[in-house]
Amino acid sequence: MDLQRGIRKPANFTSALAIRTTFTAPGAKPPYADSIGEDGLQRYKYRGDNPDHPENRALRRAMHDQAPLIWFVGVESGLYEPIYPVWVVGDEPNQLQFALALYQGQRFWSPSSELDTDTRQYLERLTKQRLHQKVFRSRVMLAYGSRCSVCRLAHDELLDAAHILPDSHPDGLPVVPNGLSLCKIHHAAFDHGILGIRPDYSLHVRDDVLEEIDGWMLKGGIQSVHNTQLSVLPSGRTSRPTPARLEQRYAEFLAG
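Model, not experiment: these values are computed from the prediction. (Residues numbered from 1 in each chain as written. Predicted model: local features only at pLDDT ≥ 70, side-chain atom pairs only at ≥ 80, totals over all residues. Heavy atoms only, no water.)

J.: Which parts of the structure should I look at to understand the packing of aromatic side chains?
T.: The relative placement of two aromatic rings is captured by the distance of their centres and the angle of their planes. Counting across every chain of the model gives three aromatic pairs. Aromatic side chains Y44 and W71 sit 6.0 Å apart centroid to centroid with 90° between the ring planes, which places their arrangement in the edge-to-face category. One end of the pair, Y44, is in strand β3 (residues 42-45); the other, W71, is in strand β4 (residues 69-76), and 27 residues separate them in sequence. Exposure class is identical for Y44 and W71. Each is buried. Ring centres of Y46 and F98 lie 4.8 Å apart, and the angle between their planes is 50°; this geometry places the pair in the tilted category. Linking Y46 in the loop between β3 and α1 (54-65) with F98 in strand β6 (residues 97-101), this pair joins segments that are 52 residues apart in sequence. (Phe/Tyr/Trp six-rings, centres within 6.5 Å; stacked < 30°, edge-to-face > 60°. Helix = DSSP H or I, 4+ residues; strand = E, 2+ residues; numbered from the N terminus. Buried < 20%, exposed > 50% of the residue type's maximum accessible area, 1.4 Å probe, protein only.)

Okay, here's the thing in structure tokens:
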């Protein structure tokens, strides 16, 4: 990785080796508007506004050579999640951007391909799984210190980055304020309407579940958290769950 440039081409390489996207703090505006295009493929912005810049030429050469790249995506200041391999599959000089394939199967599609709705949605879903979910998880785990926000469990392999509002919701973005670090038990309870989280970060266990008699896991892991508070929250207020998102999700919990 070249810390001074977004596109890395070693001196003895004919094409680029790696690209980089810097970390943008919650609520801040990113320097480059990388996004998923209408065709479901990820876009990566040019270096500057000159299509013939040497770094842009290096990425264009990677496209012609079908050379795989490493993409370093910032998850915190100075920390990156590497995503590899990725490939450049399209060049769009009018928009000052390249199109990327994040899966082998996406390499067979180009930005100029005619796609039906199902295919476009499939490509977009793949892109989100490979990029957004991986980066989202890394950012949420860092914000919560790799602990469950309900029970403080610290085994990373047993933790999930849970969405407050799902991807399908207009405000269901893969950003830390729309996320919670939850162990797999509490994540499943949250997703299945057993556990609700109020906008003030207090917890509500569904009434019928509170009345059940079962083993120690139900009693200690679920019922005992009723009317308590989230035990782990990010230190930065801008990274904490957005009350408005929690309010929408809690309304769905109550309606269920």
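J.: What am I meant to see in a nonpolar patch on the surface here?
T.: A contiguous nonpolar patch, built from I185, W216 and M217 and spanning about 370 Å² of accessible area, is present on the exposed surface. Judged by relative accessible area, which is 38%, M217 ranks as partly exposed. (Patch = residues over 30% accessible without salt bridge, like charges linked within 9 Å, V, L, I, M, F, W, Y side chains within 5 Å. Areas by Shrake-Rupley, 256 points an atom, 1.4 Å probe, with all protein chains shown as cover. Salt bridge = Lys/Arg side-chain N within 4 Å of Asp/Glu carboxyl O.)

J.: Sorry, what's going on with the sheet that holds strand β5 (residues 79-92) here?
T.: Strands belonging to one sheet form pairs held by backbone hydrogen bonds; the direction of such a pair is parallel or antiparallel. Here six strands make up an open sheet; going across it, the order is β1-β2-β4-β5-β6-β3 and the pairing mixed. On the outer flanks of this sheet lie β1 (7-8) and β3, each paired with one strand and no other. (Pairing = 2+ DSSP bridges.)

J.: It is not clear to me how a negative patch on the surface should be interpreted in this structure. Could you clarify?
T.: A contiguous patch of negative charge on the surface is contributed by D207, E211, E212 and D214. Structurally, D207 can be placed in helix α4 (residues 207-210). (Lys, Arg positive; Asp, Glu negative; His and termini not counted. Charge placed at Lys NZ, Arg CZ, Asp CG, Glu CD.)

J.: What should I look at first to understand helix α3 (residues 184-191) in this one?
T.: At 3.6 residues per turn, the α-helix brings residues three or four places apart onto the same side. Within α3, burial applies to H186, H187, A189 and F190. On an axial view of α3, the arc spanned by its buried residues comes to 165°, and they lie on one face. Each element contacted by the buried residues of α3 is listed here: β7 (159-163), β8 (179-183), β9 (195-197), α5 (216-222) and α6 (243-255). Of the residues trailing α3, G193 is marked for its positive phi of about 75°. (Arc of directions from axis to C-beta. Contact = heavy atoms within 4.5 Å.)

J.: I'm lost on the environment of I194 in this one. Help?
T.: Along the chain, I194 falls in the loop between α3 and β9. Of the residues examined, I194 reaches a relative accessible area of 25% and is grouped as partly exposed. C-alpha of I194 to C-alpha of A11: the two residues are 183 residues apart in sequence and 57 Å apart in space. Discounting chain neighbours no more than four positions away, the residues touching I194 are A189, H204, V205, R206, V209, I222 and F253.

J.: Would you mind going over the nonpolar core with me for this structure?
T.: Burial of nonpolar side chains together is a common tendency in soluble globular proteins. In this structure, V150, L180, L182, L195, I197, L203 and L230 are the most contacted members of the largest nonpolar core, which totals 28 residues. For this core, the secondary structure elements donating two or more residues are α2 (117-143), β7, β8, α3, β9, β10 (203-205) and α5. Beyond its immediate chain neighbours, meaning those up to four positions away, L203 contacts V150, L195, G196, I197, R198, V225, H226, N227, T228, Q229 and L230. Y44, L59, L69 and F98 belong to the second-largest nonpolar core, a separate cluster that totals 22 residues. (Core = buried A, V, L, I, M, F, W, Y, C linked by side-chain atoms within 4.5 Å.)

J.: How should I be thinking about the pattern of salt bridges in this particular structure?
T.: Oppositely charged side chains may form a pair once their charged atoms are brought near each other. The full count for this structure, using the stated rule, is 15 salt bridges. Residue D91 pairs with R60 through a salt bridge whose shortest N-O separation is 2.6 Å. Of the two residues, D91 is situated in strand β5 and R60 in helix α1; the sequence distance between them amounts to 31 residues. The class of D91 is partly exposed, set by a relative accessible area of 25%. The partner of R245 in a salt bridge is D171, and the shortest N-O contact between them spans 3.1 Å. Of this pair, R245 sits in helix α6 while D171 sits in the loop between β7 and β8, and the two are 74 residues apart along the sequence. For R245, a relative accessible area of 8% corresponds to the buried category. With relative accessibility at 31%, the residue D171 sits in the partly exposed group. When salt bridges with common partners are traced through the structure, they connect D2, R5, R47 and E55 into a single cluster.

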